[in-house]
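Reading the structure
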Amino acid sequence: MNKIDRVFLVDDDRIFLSLAKLVLQSVFTEADIVIAKNGLEGLKNLEEKLPNLLFLDINMPVMDGWEFLTELGKQPGDPPFQIIITSSSVDPEDRQRAEGHPLVNGFIEKPITKEKILSVVS
Amino acid sequence: MLNSILESRSIYIAKTNLDGEYTFLNDHFCDRLGVERKDLIGIQFARHTLPEDYYKCVDAFQRCVSTPNVPHKVILRKPLSELGFITCEWELIGLAEDADTPEEILCIGYDITEKEFFEKNLFAANQRLATYMYNSPLGIVEYEQDLTIKQWSKRSEEIFGWTQEEILNKNFGAFDIIYEGDIESTSKVAEELLTGVANGNISQNRNKTKDGTTIHCVWYNSVVKDETGTVKSVLSLVQDVTKRVTDEESIRTSEKRFRALIENGKDAIAIFSADGKPSYITPSITKVLGYTEEEVYKLDILGLVHPDDVPGVTLALQRVMKAPGIPMPGHTSRMKHKDGSWRWIEATITNLTDDPHINGIVDNFRDITESVENEMLITKTNRHLKRAQNIANIGYWELDLRTNANFWSEEMFSICGIDEKKGVPSIEDFFKLIHPDDLVYVQKKHLHVLESKQTIPMEYRFLKGGNSLVYVQAIASCIQDEHGKAIAMEGTLQDITERKNEEVAMKKLLHRTTDQNKRLKDFSFMTSHNIRSSVANIMGLTSILETGTNNEECVEMIKTTAQHLDITVKNISELLNFENEFTSVHMVDCRVKNSVQRTLSLNSAVISQKDIFVELDIPPELTVASIPAYLDSIFHNLITNAIKYGVTDTVKQVRIAGRKEKSKTIIEIQDFGLGMNLERDGDKLFKLGSRLHLASEGQGLGLYMTKHQIEAMGGAIEVKSKVGHGTTFTVILNE
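Counting secondary structure elements, chain B contains 23 helices and 27 strands. Taking all 735 residues of chain B together, the buried fraction comes to 24%.

Rendered as structure tokens:
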């Protein structure tokens, strides 16, 4: 695993963000954890800096995870970071869609844990 | 010698003086005339003739005087004493010895009365013969040994076509007059005659006419011989018997056919006496009753009649006996077949006992068991079919395209609401009852049936009895003749109004159920997601609690999570109620203003706290047909959204307006806040679980439920928004 300097967390759930931040810090001890509360904020963050990893929720206000991926896909070239979907969705369509999406590298079902992160991050 | 001559018994002799007076008559003459000699002596010879012969006689006398001793012949008639006269050829001679002047006249008469009579008769006979021959149906043909044709009568011309000019004196062989197949036999007949083997014969053979037609002729042939007995020619009388031969052939054919029909047909004919004894029976009896002719002659035919039918047969026979010569057709009864089965027999009975050639009762009968059974089956089937049509409410119709004759079953009248007593309507009148919007469709379908010869189903609306709209299902097909030409149309008609209404209700129900399923599925995913999110958070938080760090913060977060869970569970309950209400749509008139005011009253604390100005522009009398709970819920969601998201620190106004527009009630909830980017978010505005605002505390249920509640009442919701200028939701409900 390459060195992880920066991890983006995109989720509207305040409590999840707190918990995920703690877990991520325990895994990527030197990484800078950047938080965005919806897809739109996430895109704005990407304009400033690029992460090594991006954890993306699906159901969010303003701009959800799918819309975020659509907007990201409009930019030239593949993003130079991994995108992991994190969701509580039980809709099998969401998981299938995530697995088949060209920009998505993994799917983690909430709650997020150290083991789950290590199993999907290459 | 002279005396013997004068008294000759074969000639008449008289003498006169120069004055022509009788001076002598021989006995034979007197006897023939039936007079006494003395009565004629002194009477003038010329006066003693028929008046028509007088001058002829005088003239002859004068010539005798002028040229004596020369006989002058003259035929004169002498009257008899009784009726009649004799005709004699007279030789008158002026007897003179030596002088130029005769002394007396000698009259010698040869009686030619009989000869003249026969000659006259012969002439008349010849005339008649010529006439007969000319008019005879027989042609006359005479040919000589070398076959040269010497006689060819007018009738021969008519029979064969060749004229006398064409055929006379020419060789028989030069004409194609004998039918090729009969040349050999005809030659033999001719040979017999020409060789003298036969003096005459009669032959019948086929001949050819000038135009090549084959005719049948009878030849009555006779030979003509000279005084030495040598055959000089053959004289034939020819009769054209073509018609007779053709007629005879026709009769023979007809007889054969008739016999074949009588003896081999399905019908049997029996002639029997009044007591039932048969005197004649056709062989076809075996086909009808199984008995041979011989067996039937020994039977009592009446004894074969079914006991139940005996009275009817007896009555029929009594009637027939009372009406000789009049056929009594169609009498049906059962008779016992030889195999023991009962057969239905249809008989036509005629009493011909008065006819000496028949002398009996003629019974023309046949086995109609199959047709009777078929008829009974058809009657039964028709009864069942009629009943089935009645039960299934199906009408049957038929239209004869050649005569325009139209048949309708009873059900057709019932389905179309037309009085059967008025009869079947014309096709034009029937089409007038079809719904105008469906008429062209129906006409095209029927035309297609005629063109394609296919059976085609169709459904259309029909004004039953001219006023009540019903749905009918029709099937039309085409009846063709043996050449494939359409000669009639037939079809069925069924009232399917009830089924159609049920189908519409079923479609609505299916649509509603599908919608509901979709909503429930979306809802279950959403609530599961929310619950799992909370559960995941609790799991994460409890693991932190176990580490003993940040306990206070964790407990706070657990509380928040529990609240989220509570909201989710409440939402489950709310949505379940929503679905329950959704299935029982009961609309009543609601005052719009009252419903809006209830919402404002519930939110008065927030309104007051945020210092929001609510402009209410709804006429008090404005009502709308709706479900009261829905109406309150709609206004609650839209007004609280406006309060939450349509109010900024500087703009704190909400406008609620209502009005009637034609048959619709329009209610607008307008704010002047931040507005939305509809181009981006318009699609997910009413979607379950959608949240457009970061500050949203909800779970994306409000607008979703609002939209469905409005649509459940047959209405619609529209939204207009502009970022920075506010949002207007417009609810449109039917009156």
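Within chain A one finds five helices and five strands. Starting at the N terminus, the α and β elements of chain A follow one another as β-α-β-α-β-α-β-α-β-α. The proportion of buried residues among the 122 residues of chain A is 43%. In chain A, 67% of the contacts between residues at least 6 apart in sequence involve partners at least 24 apart.

Attention shifts here to the interface of chain A and chain B. Contact with chain A, which involves 17 residues of that partner, is made by 20 residues of chain B. For the side of chain A that touches chain B, a count of residues per class yields eight nonpolar, five polar and four charged.

Looking now at the confidence of the model for chain A. On average, residues of chain A score 90 in pLDDT, and 98% of them are at 70 or above. Within chain A, strand β3 (residues 53–56) of chain A carries the highest mean pLDDT (96), whereas helix α4 (residues 92–100) of chain A carries the lowest (88).

Moving on, we come to the sheet that holds strand β16 (residues 394–400) of chain B. All names here are of chain B. The strand order across the open sheet built from five strands is β17-β16-β20-β19-β18, with neighbouring strands paired in antiparallel fashion. Of all the strands in the sheet, the pair left with one neighbour each is β17 (406–408) and β18 (456–464). Sheet twist, expressed as the mean angle between neighbouring strand axes with direction ignored, is 25°. With three bridges joining them, β16 and β17 adopt antiparallel strand pairing. If you follow Trp397 over to β17, its bridge partner there is Trp408. The strands that helix α16 (residues 436–452) touches are β18, β19 (468–480) and β20 (486–495); relative to β18, the one it contacts most, it runs at about 145°.

So, about the pairing of strand β6 (residues 138–144) of chain B. Residues and elements named next belong to chain B. In this structure, β6 lies alongside strand β10 (residues 231–240), joined through seven bridges in antiparallel fashion. Its bridge partner lying in β10, Leu138 is registered against Gln239. For β6 and strand β7 (residues 149–152), the ladder comprises three bridges, and the chain directions are antiparallel. Bridging across to β7, Val141 finds its partner in Trp152. Between β6 and β7, which pair antiparallel one after the other, the connecting turn spans four residues, and Leu147 there sits at a positive phi close to 70°.

All names here are of chain B. Strand order in the open sheet formed by five strands is β12-β11-β15-β14-β13, with antiparallel pairing between adjacent strands. This sheet does not close on itself; its edge strands, each paired only once, are β12 (278–281) and β13 (328–336). Going from strand to strand, the sheet's axes swing by 30° on average, the running direction of each strand aside. As defined by bridge partners, strand β14 (residues 342–352) adjoins strand β15 (residues 360–367) across eight bridges and the pair is classed as antiparallel. Bridged to Leu352 within β15 is Gly360. This element, helix α12 (residues 310–322), spans β13, β14 and β15 of the sheet and lies at about 145° to β13.

So, about unusual backbone geometry. With an omega dihedral of 5°, the bond running from Lys110(A) to Pro111(A) counts as a cis peptide bond. Position of Pro111(A) relative to the elements: it lies in the loop between β5 (106–109) and α5 (114–120). Residue Asn69(B) is not a glycine yet carries a positive backbone phi of 65°. Mapped onto the fold, Asn69(B) is located in the loop between α4 (54–66) and β3 (72–79). Residues other than glycine seldom take positive phi values, yet Asn359(B) does so here, at roughly 50°. Tracing the backbone through its elements, the reader meets Asn359(B) in the loop between β14 and β15.

Compared with the 75 Å implied by 1.5 Å per residue over 51 residues, the 74 Å span of helix α17 (residues 497–547) of chain B between its first and last C-alpha is a close match. One or two steps after α17(B), the chain reaches Gly548(B), where phi turns positive at roughly 85°.

Glancing now at the nonpolar core. Val10(A), Ala20(A), Leu54(A), Phe55(A) and Leu56(A) are the most contacted members of the largest nonpolar core, which has 33 residues in total. Of all elements in the fold, only β1 (6–10), α1 (14–27), β3, α3 (65–73) and β4 (82–87) of chain A together with α18 (551–583) of chain B reach the threshold of two or more residues within this core. Examining the composition of this core, we find that six residues originate from one element, α1(A), more than from any other. Within the second largest apolar cluster, 24 residues are counted, among which are Val596(B), Ile667(B), Met713(B) and Phe729(B).

A few words on α4(B). Residue and element names in this part refer to chain B. For α4, built from 13 residues, the straight-helix expectation of 18 Å at 1.5 Å per residue is met to within 8% by its first-to-last C-alpha distance of 19 Å. Among all positions in α4, only Cys57, Ala60, Phe61 and Cys64 are buried. Down the axis of α4, the smallest arc covering the buried residues is 100°, so these residues share one side. On its buried face, α4 sits against β3, β4 (85–95) and β5 (104–111).

Basis of the calculations
Residues numbered from 1 in each chain as written. Chains lettered and ligands numbered in written order. Predicted model: local features only at pLDDT ≥ 70, side-chain atom pairs only at ≥ 80, totals over all residues. Helix = DSSP H or I, 4+ residues; strand = E, 2+ residues; numbered from the N terminus. Buried ≥ 20, exposed ≤ 12 C-beta atoms within 10 Å, placed from the backbone. Contact = placed C-beta atoms within 7 Å. Nonpolar A, V, L, I, M, F, W, Y, C, P; charged D, E, K, R; others polar. pLDDT = per-residue confidence, 0-100. Pairing = 2+ DSSP bridges. Axes fitted to C-alpha atoms, helices over the stretch in contact; angles between N-to-C directions. Expected span 1.5 Å × (residues − 1). Core = buried A, V, L, I, M, F, W, Y, C linked by C-beta atoms within 7 Å. Arc of directions from axis to C-beta.

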